[in-house]
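Read off the chains here:
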Amino acid sequence: MMSVQTSQKIAKVALWIAGFSTVAVLIVVIGYVLFEGLLHVNWEFLTAKPKKMGSEGGIFPIIVSTVYFTALTLAIATPAGVGAAIYLTEYTREGKITKIIRFGTEALAGIPSIVFGLFGFAFFVILLEPVTHGWSLLSGALTGATMILPTLVRTSEEAIKTVPLSYREGSLALGATKWQTICKVVLPSALPGIITGVILSIGRVIGETAALMLTLGGSLRMPDSIFDPARTMSMHLYLVALEVGTQPAIDKAFATGTVLIITIFIINSTANWVMKRFISRMS
Amino acid sequence: MNDKLKEKAYEKILLVSAFVSVIIIILIGGFIFKEGLPLINKVGLFEFLLGKEWHPTDGVFGIFPMIVGTFAVTFGALILGVPLGVATAIFLAEFAPPRVSRIVRPAVELLAGIPSVVYGLFGMVIVNQILMTIERTYLANILRPEYQRGYSILSASIILAIMILPTVINISEDAIRSVPREFKEASLALGATEWQTIYKVLIPAASSGIIAAVVLGMGRALGETMAVIMVAGNTVAIPDSIFAPVRTLTGNIAIEMGYAAGDHVKALFATGIVLFIIIMALNTLATVVAKRGVGRS
């Protein structure tokens, strides 16, 4: 039988190892991708068009498509997400309606992206073809918007809840209407928190692949409008690595992975920076 | 328009946007069932769920191998990922000095942010390579040649285990932190060591939250698509070894949707129905478990 002190020591060491293993896993994954990819990331890779299905050349049109796609997705999802958050915090008490809304948001958050893809394909690509032109940036963005909605609602709600009640009372006491109070007092105070949520959603949008395989079209060309098919960097990585699969293509996949990881790193750091300023201002 | 009317209009607009999620979830369910259900009726529910053969071009639709494959990689991921995740959560909640958690926490965040295709690429190129070397060097006599390519349940489980770590860590840590301080103080005051306090007081008190973390991690693993396609090999066969290549339900949809037509498309939507129901059941379970925990403490 082990003494109590010994098991305490062993447990402590084991838990320290667990903590460090988690960090080590991250370092190994990121380190390996950067190690394989950084060599192939250069100015030409970032600014040239892809050749031979992406196994040669660069990813410029794909970077542009990723930016278009992300902007469009956020433009669709943010108003709905923030609107929902305002309604939940300012207009209702906890009750039947909020329960239904919360159930919807939570259920939506858990659905696998490939199921969103099936839905997007049946609804936006096939049924709404006259509007979306089939596989297109618009179909992809509408699908993507449904996916990030739960995150946006939750983060915006948290941000609006931190605005002190006295701000609202002050505004209402001065004779402002409820809507004026929301627009001129509540939202500006909650803005950094809402922005953090939006930035985090950008990360999700950029990393998404499965749903876009069924809705975005996967074209390598530079899109001219939101009705053109396109592909994002994540999709490009997959298509190049798996469907081309030659060694130069794998190198391009790692280079794309490197660009993705650096982008995500910048996004996370920005979100943390905004959040930190928000917290220090609110307290 | 006068101000009162305007106020009312704004409220209505906000109400509608609040219901967007609910509308979408109904639409998703509606469309998937509408497209997939006719095929399940045509083939027969039991034939579809328990059929061992999948030859979509000949009209034979049995997804049993994919169901087995999905649960195999999911349980593999839980076996590898949950102990590490929960241990890291305990470490962060109880042992980590602030300076260390300032490193671990952003690391977990970044781990959650990395796109799944990057994990897939890593798994495909490095994990599968290592597994293949092991299979060919040490297990060459035991394993069938098609089990010596690295693409396997094991490699998919390893990659998924990494991918569910953030979910398991974050939710478990919250659960452990939400245990009232008095519980811990009372235990320590009675002379228990930190470790005794952790596994006799904190973990039991946080158990419902930790279970919810595991269930949500399970949902994440079940729903993952791209990374699994890249490492699992995607053979439609009931696996008999952790070195066997498998196809998952999600992988089945993503791989075949590109060229499917007619009943084949419907069969992929029907696969989506199965996935949808499994995930909804799991999420409901997680909510129920988490609520029970809140009610008790």
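Residues numbered from 1 in each chain as written. Chains lettered and ligands numbered in written order. Predicted model: local features only at pLDDT ≥ 70, side-chain atom pairs only at ≥ 80, totals over all residues. Heavy atoms only, no water.

A. Structural detail: the overall build of chain B. Within chain B, the secondary structure is distributed over 11 helices and 2 strands. Listing each helix as α and each strand as β along chain B from the N terminus yields α-α-β-β-α-α-α-α-α-α-α-α-α. Overall, the C-alpha framework of chain B stretches about 75 × 70 × 30 Å when taken along its three principal axes. A burial count over chain B gives 53% of its 297 residues as buried. Nonlocal contacts in chain B, meaning residues at least 24 apart in sequence, comprise 73% of its contacts between residues at least 6 apart. For chain B, the accessible area works out to roughly 13100 Å², and carbon and sulfur atoms hold 66% of it. Between the averaged position of the 23 positive side-chain charges in chain B and that of its 20 negative side-chain charges there is a distance of 5 Å. (Helix = DSSP H or I, 4+ residues; strand = E, 2+ residues; numbered from the N terminus. Buried < 20%, exposed > 50% of the residue type's maximum accessible area, 1.4 Å probe, protein only. Contact = heavy atoms within 4.5 Å. Areas by Shrake-Rupley, 256 points an atom, 1.4 Å probe, with all protein chains shown as cover. Lys, Arg positive; Asp, Glu negative; His and termini not counted. Charge placed at Lys NZ, Arg CZ, Asp CG, Glu CD.)

B. Up close: the interface of chain A and chain B. Listed per partner, the contact involves 75 residues of chain A and 71 residues of chain B. Across the chain A to chain B interface the summed buried area is about 6400 Å²; carbon plus sulfur atoms make up 84%. At the junction of chain A with chain B, the criterion picks out 0 salt bridges. For the pair chain A and chain B, the interface holds 7 residue pairs in polar contact (both at pLDDT 80 or more). At 21 residues, helix α1 (residues 4–37) of chain A tops the list of elements feeding residues into the side of chain A that touches chain B. Considered class by class, the residues forming the side of chain A that touches chain B number 52 nonpolar, 20 polar and 3 charged. (Buried area = accessible area lost by both parts, 1.4 Å probe. Salt bridge = Lys/Arg side-chain N within 4 Å of Asp/Glu carboxyl O. Polar contact = N/O pair within 3.5 Å; in protein donor to acceptor, adjacent residues only side chain to side chain. Nonpolar A, V, L, I, M, F, W, Y, C, P; charged D, E, K, R; others polar.)

C. Structural detail: helix α7 (residues 137–161) of chain A. Residues and elements named next belong to chain A. The end-to-end C-alpha separation of α7 is 34 Å, in line with the 36 Å expected for 25 residues at 1.5 Å each. When the local axis directions of α7 are compared, the greatest deviation, roughly 40°, occurs at Ile 148, which is followed within four positions by the proline Pro 150. For α7, a buried count of 19 out of 25 residues is recorded, marking the element as mostly surrounded by other parts of the structure. (Expected span 1.5 Å × (residues − 1). Bend = angle between axes of the 7 residues up to and from the residue.)

D. Here's a closer look at the domain arrangement of chain A. All names here are of chain A. Here chain A is partitioned into domain 1 (4–38) and domain 2 (41–282). Inter-centroid distance (C-alpha atoms) of domain 1 to domain 2 is 31 Å. Listed as interface residues are 7 residues of domain 1 and, on the opposing side, 6 residues of domain 2. Buried area between domain 1 and domain 2, summed over both chains or domains, comes out near 640 Å², and the portion from carbon and sulfur atoms is 74%. The interface formed by domain 1 and domain 2 contains 0 salt bridges. Where domain 1 meets domain 2, there are 3 residue pairs in polar contact (both at pLDDT 80 or more). (Domains from an automatic or database assignment.)

E. View of the packing of aromatic side chains. For the coordinates displayed, the defined rule picks out 17 aromatic pairs over all chains. The interplanar angle of 25° and the centroid separation of 5.5 Å between the aromatic rings of A:Phe119 and A:Phe123 together place this pair among those described as stacked. Here A:Phe119 pairs with A:Phe123, and both are found in helix α5 (residues 113–127), just 4 residues apart, close to one helical turn. Through successive ring pairs, a cluster of aromatic residues spans A:Phe119, A:Phe123, A:Phe124 and B:Phe31. In this structure, A:Lys178 packs its charged tip against the face of A:Tyr91, placed 4.6 Å from the ring centre. (Phe/Tyr/Trp six-rings, centres within 6.5 Å; stacked < 30°, edge-to-face > 60°. Lys NZ or Arg CZ within 6 Å of the ring centre and 35° of its normal.)

F. Region of interest: the pattern of salt bridges. Counted by the stated rule, this structure contains 13 salt bridges over all chains. Here B:Glu185 ties to B:Arg181 by a salt bridge, and the two come within 2.9 Å at their closest N and O atoms. Taken as a pair, B:Glu185 and B:Arg181 lie in helix α7 (residues 181–189) at a separation of 4 residues, close to a single helical turn. Residue classification places B:Glu185 among the partly exposed residues on the basis of a relative accessible area of 39%. By relative accessible area, B:Arg181 is classed as exposed at 64%. Shared partners join several salt bridges into a network, and the residues in it are A:Arg102, A:Glu157 and A:Lys161.

G. How the structure looks around unusual backbone geometry. The backbone of A:His133 shows a phi angle near 60°, a positive value even though the residue is not glycine. Considering the arrangement of structural elements, one finds A:His133 in the loop between α6 (129–132) and α7. Judged by its relative accessible area of 45%, A:His133 falls in the partly exposed class. We note that B:Asn234 has phi near 65°; this positive angle belongs to a residue other than glycine. Along the chain, B:Asn234 falls in the loop between α9 (226–232) and α10 (249–256).

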